[in-house]
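A structural walkthrough
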Amino acid sequence: MSATGHEAPAAGAGRAAGRGVLFAACVSALVVNANTSAVTILLPAISEDVGAPIDVLQWAVTGYMLVGAAVIVTSGALGDVFGRRRIFLGGLVLFVLSCALIALSSGAAGVIGGRMIQGAAGSTILACGMSLLSVGSSGTGQMRAITLWGAASAVGAAVGPLVGGVLVGTTGWQGLFWIDAAIAAACIPVTLAGVAESRDPDRPRSIDVLGTVLVAVALVPLVLALSEGGGWGWASAPTIGCLVLSVLGGAGFAAAERRATAPLVDLRLLRNRVLIGSTLAILLVAGIINALMYLLSLYFQDPAGFGMTALEAGLATLPAAAAMIAVTPLITPLAVRIGPRQAVALGFALAVAGAGVMILVTADWSYATFVIPLMVLSVGLGFANGPASSASTSAVSADEVGQASGISNMARYVGGSLAVAAASTVFTAVSDSHATAGEPAADALAAGLAGAALLLTLLSAAGVALAVLMGRHRGDPAGAVQLAAAAAATSHTIPTRPVATPGGAPA
């Protein structure tokens with residue numbers, strides 16, 4: 001996503017983004033993020049309708065993220081070479097088609113396959129939408145456009161579970177995908193009529209296809225091992241084979257990036273201590289958030305748990321989402337005052353406390369007992385996520401911002417896929433073990449959630465430890481774009497300094 005390439009002239013010489021590109025980029029970002037966060041709420045309803053177990057439909061979540069991780073940087077490169085508007089339109093069309101495929105599916109294969117296609121579409125829309133905003137504006141106008149884009153992304157991620165719950169009870173789970181398809185389709189004529197085409201004439205025309213494939217080769221076997229290792233046996237040939245293949249894929253990716261003309265990841269950036277620390281923090285935050293929402297959706301809706309409807313479960317997640325949004329105005333000023341490293345460490349420490357309390361969950365817990373630890377966990381993740389996302393781009397030179405944001409956004413997808421797979425395995429394995437031992441279904445389910453909460457606690461503790469990697473780094477002063485970036489950081493890293501793109505649209 002080299003749309004964030006070089007420093008602009010003076011910020012005061014601002015060019016506002018056109019209404020067409022603002023509408024298309026912001027509305028599509030809202031829809032993609034709402035769709036992503038809503039799907040976990042829909043899983044029980046989809047499971048009942050298509051007759052597939054939840055642990056199979058878990059791939060509707062992890063598959064989406066796996067493909068997104070492989071495609072998000074590549075789609076930005078394709079836009080630079082072949083036209084950002086063209087690739088953005090391709091993402092919209094693919095998103096519409098994937099929504100239709102999922103809504104029309106009568107089996108797990110169609111839902112999972114459609115979601116994997118949607119992972120490619122969603123990451124393309126986010127990457128190229130941000131690029132179009134960057135080239136369609138400059139200076140203060142660009143910062144205003146990016147602020148709106150960040151706000152739209154944050155709102156979409158927050159309201160997705162609630163919208164999904166409402167639609168399950170009114171239109172059926174398919175309604176979410178039909179409505180999302182209609183909104184995405186409405187963005188197509190707006191983009192054709194109101195968005196100028198742009199390319200980067202200075203970028204090599206080479207696309208790192210091999211790197212994209214090797215990302216998948218490294219991640220898919222790893223997620224498969226995490227998902228199925230409990231059933232196969234952790235020392236079984238299939239599990240070990242998947243892990244070996246994943247290691248070989250990772251090694252091949254590193255070798256391929258050293259030789260690529262235009263690599264997905266400039267390995268020289270991995271010498272940047274702040275970038276590495278912040279990227280790992282982003283990976284952990286994304287993993288914990290996605291795993292938490294997955295676990296809560298299952299527990300809240302399970303008859304042995306609270307037996308909530310999808311709407312009730314969506315409402316039940318609102319305190320966590322509201323807490324994360326509410327602390328956003330405090331995150332950036334605090335990070336500037338104490339430093340991003342300290343803010344990230346503080347955030348993960350709060351997450352340890354919140355997740356640690358959930359280790360104690362029993363079948364006797366009411367929903368009210370969950371609220372405070374969930375809010376503490378969400379506030380902690382918010383404090384860690386915003387400064388880490390900001391540091392990942394502000395700690396590099398202006399011409400490296402695109403690469404740095406690409407790395408952090410890829411990490412976000414990787415963290416989500418790995419943590420959901422691992423948490424699902426722990427949840428299922430512990431629940432099944434207790435059920436086999438003759439415990440009541442409610443007790444077995446609570447034990448599974450407690451086991452998964454232990455995993456989230458350990459991941460949060462790792463976040464506290466890795467904050468040391470970030471070294472000393474001072475964040476940018478608090479402003480509207482910094483606040484929007486912090487709010488949107490659960491789904492995307494956005495630049496907080498005016499940038500200009502070679503080959504951008506003319507003023």
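Starting afresh in each chain, residues are numbered from 1 along the sequence in its written order. pLDDT decides what is reported in this predicted model: residues at 70 or higher carry local features, side-chain atom pairs at 80 or more are listed and counted, and totals for whole chains, interfaces and linings draw on all residues regardless. For the side-chain quantities, the full set of heavy atoms in the structure was used; hydrogens and water were omitted.

**Some details on the overall build of the chain**
Note on conventions: DSSP H or I runs of at least 4 residues are helices, E runs of at least 2 residues are strands, and numbering of each starts at the N terminus. From N to C terminus, the chain includes 18 helices and two strands. For this analysis, residues touch if any pair of their heavy atoms sits within 4.5 Å. A separation threshold of at least 6 residues defines the contact pool for the chain, and within that pool the share at least 24 residues apart is 85%. Accessibility throughout is a Shrake-Rupley quantity obtained with a 1.4 Å probe, and a residue counts as covered only by protein chains that appear here. Working note: accessible area of the chain is about 18000 Å², and carbon and sulfur atoms make up 69% of it.

**Structural notes on the pattern of salt bridges**
Note on definitions: salt bridges are taken to be side-chain nitrogens of Lys or Arg within 4 Å of carboxyl oxygens of Asp or Glu. What the rule picks out here adds up to two salt bridges. Among the ionic pairs, arginine 84 bridges to aspartate 80, the shortest N-O distance being 3.1 Å. Only protein chains enter the calculation, and the probe is 1.4 Å; a residue is then buried if its accessible area is under 20% of its type maximum, exposed if over 50%, and partly exposed in between. In this structure arginine 84 comes out as buried when scored by relative accessible area, which is 1%. Looking at aspartate 80, the relative accessible area reads 1%, which means it is buried.

**Let's talk about the nonpolar core**
A general feature of soluble globular proteins is that nonpolar side chains tend to end up buried together. Of all hydrophobic cores here, the largest spans 127 residues; its most connected members are Trp173, Phe177, Phe300 and Phe370. In these notes, a set of buried Ala, Val, Leu, Ile, Met, Phe, Trp, Tyr and Cys residues joined through side-chain atoms within 4.5 Å is what counts as a nonpolar core. Counting five residues, the second largest nonpolar core, distinct from the first, contains Val327, Ile331, Val379 and Phe383.

**Description of the packing of helix α15 (residues 367–394) against helix α16 (residues 401–436)**
The angle between the axes and the distance between the axes are what describe a pair of packed helices. Lines are fitted to the C-alpha atoms to define the axes, a helix being fitted only along its stretch in contact, and any angle between axes, read from their N-to-C directions, falls within 0 to 180 degrees. In contact at an axis separation of 8 Å, α15 and α16 are set at 145 degrees when each is read in the N-to-C sense. Contacts between α15 and α16 involve Asn385, Ser389, Ser392 and Thr393 from the former and Val401, Ala404, Ser405, Ser408 and Arg412 from the latter. For this classification, Asp, Glu, Lys and Arg are treated as charged, while Ala, Val, Leu, Ile, Met, Phe, Trp, Tyr, Cys and Pro are nonpolar and the rest, including Gly, are polar. A class-by-class count of the residues in the contact of α15 with α16 yields two nonpolar, six polar and one charged.

**Quick notes on the environment of glycine 165**
Structurally, the position occupied by glycine 165 is in helix α6 (residues 139–170). Residue glycine 165 is classed as buried on the basis of its relative accessible area, which comes to 2%. Sequence spacing of glycine 165 and glycine 314 is 149 residues, and the spatial spacing of their C-alpha atoms is 5.4 Å. Contacts of glycine 165, omitting those with residues within four sequence positions, involve Ile41, Ala310 and Leu311.

**Digging into helix α9 (residues 237–259)**
Each turn of an α-helix holds 3.6 residues, which means side chains three or four residues apart point in the same direction. Taking 1.5 Å as the rise per residue, α9 with 23 residues should run 33 Å; its terminal C-alpha atoms sit 33 Å apart, in good agreement. Every buried residue of α9 is accounted for by Thr239, Cys242, Ser246, Gly249, Phe253, Ala256 and Glu257. Among the structural elements, α8 (209–232) are those in contact with the buried residues of α9. Helix span, expected: 1.5 Å multiplied by one less than the number of residues in the helix.

**As for the side chain of serine 227**
With respect to the helices and strands, the residue serine 227 is situated in helix α8. On the accessibility criterion, serine 227 (14% relative accessible area) is buried. What qualifies as a polar contact is a pair of N or O atoms within 3.5 Å, subject to a donor-acceptor requirement within protein and to the restriction that residues adjacent in sequence count only when both atoms come from side chains. A polar atom in the side chain of serine 227 sits 3.1 Å from the side chain of glutamine 58. Polar contacts involving the side chain of serine 227 include one to the main-chain carbonyl oxygen of valine 223, which spans 2.8 Å. Among residues more than four places away in sequence, those in contact with serine 227 are Gln58, Trp59, Ala421 and Thr425.

**Quick notes on the packing of aromatic side chains**
The geometry of an aromatic ring pair is captured by the separation of the ring centres together with the interplanar angle, meaning the angle of the planes. Here a Phe, Tyr or Trp ring, Trp counted by its six-membered ring, pairs with any other such ring whose centre lies within 6.5 Å, and the pair is stacked when the planes are under 30 degrees apart, edge-to-face when over 60, and tilted otherwise. Per the stated rule, a full pass over the model turns up eight aromatic pairs. Residues tryptophan 173 and phenylalanine 177 carry aromatic rings whose centres are separated by 6.1 Å and whose planes lie at 80 degrees to one another, so their mutual orientation is edge-to-face. Like tryptophan 173, the residue phenylalanine 177 is buried in the burial classification. For the pair phenylalanine 300 and phenylalanine 306, a centre-to-centre distance of 5.5 Å together with 35 degrees between the ring planes defines the contact as tilted.

**Points about a nonpolar patch on the surface**
A grouping of Leu30, Val155, Val159 and Val163 is seen on the molecular surface, where their side chains present a nonpolar patch of about 260 Å² in accessible area. In terms of residues, the nonpolar patch owes the most to one element, α6, which gives three residues. Within the secondary structure, leucine 30 sits in helix α1 (residues 19–50). Classification of leucine 30 by relative accessible area gives partly exposed; the value is 32%. Patch building starts from residues that exceed 30% relative accessible area and form no salt bridge, then joins like charges within 9 Å and nonpolar side chains (Val, Leu, Ile, Met, Phe, Trp, Tyr) within 5 Å.

**Digging into α8**
Given a rise of 1.5 Å per residue, 24 residues ought to cover 34 Å, and the 32 Å separating the end C-alpha atoms of α8 matches this to within 8%. At leucine 226, α8 shows its largest bend, some 40 degrees. For α8, the set of buried residues is Gly211, Thr212, Leu214, Val215, Ala218, Leu219, Pro221, Val223, Ala225, Ser227 and Gly229. At its buried positions, α8 is contacted by α3 (59–82), α9 and α16. In the stretch just after α8, glycine 233 is the one whose phi turns positive, near 105 degrees. Bending is quantified residue by residue as the angle between axes fitted to the seven-residue window ending at that residue and the seven-residue window starting at it.

**Some points on the confidence of the model for the chain**
Per-residue confidence from the predictor is given as pLDDT, running between 0 and 100. For the chain, per-residue confidence averages 86 on the pLDDT scale, and residues scoring 70 or more make up 90% of the total. Note on residues 1–13: pLDDT under 50 across the span, and 45 contacts to partners over four residues away in sequence or across chains.

**Description of the environment of glycine 249**
Along the polypeptide, glycine 249 turns up in helix α9. Spatially, the C-alpha atom of glycine 249 lies 9.8 Å from that of valine 220, the residues being 29 residues apart in sequence. The contact partners of glycine 249, leaving out residues within four places of it in the chain, are Leu214, Val217 and Ala218.

**Overview of the state of the cysteines**
Covalent bonding between the sulfur atoms of two cysteines defines a disulfide. The term disulfide is used for any two cysteine sulfur atoms that are within 2.5 Å. For the structure shown, the criterion picks out zero disulfides. Cysteine 187 takes part in no disulfide bond, and the closest cysteine sulfur, belonging to cysteine 26, lies 9.9 Å away. Take cysteine 187: its relative accessible area is 0%, and that puts it in the buried class.

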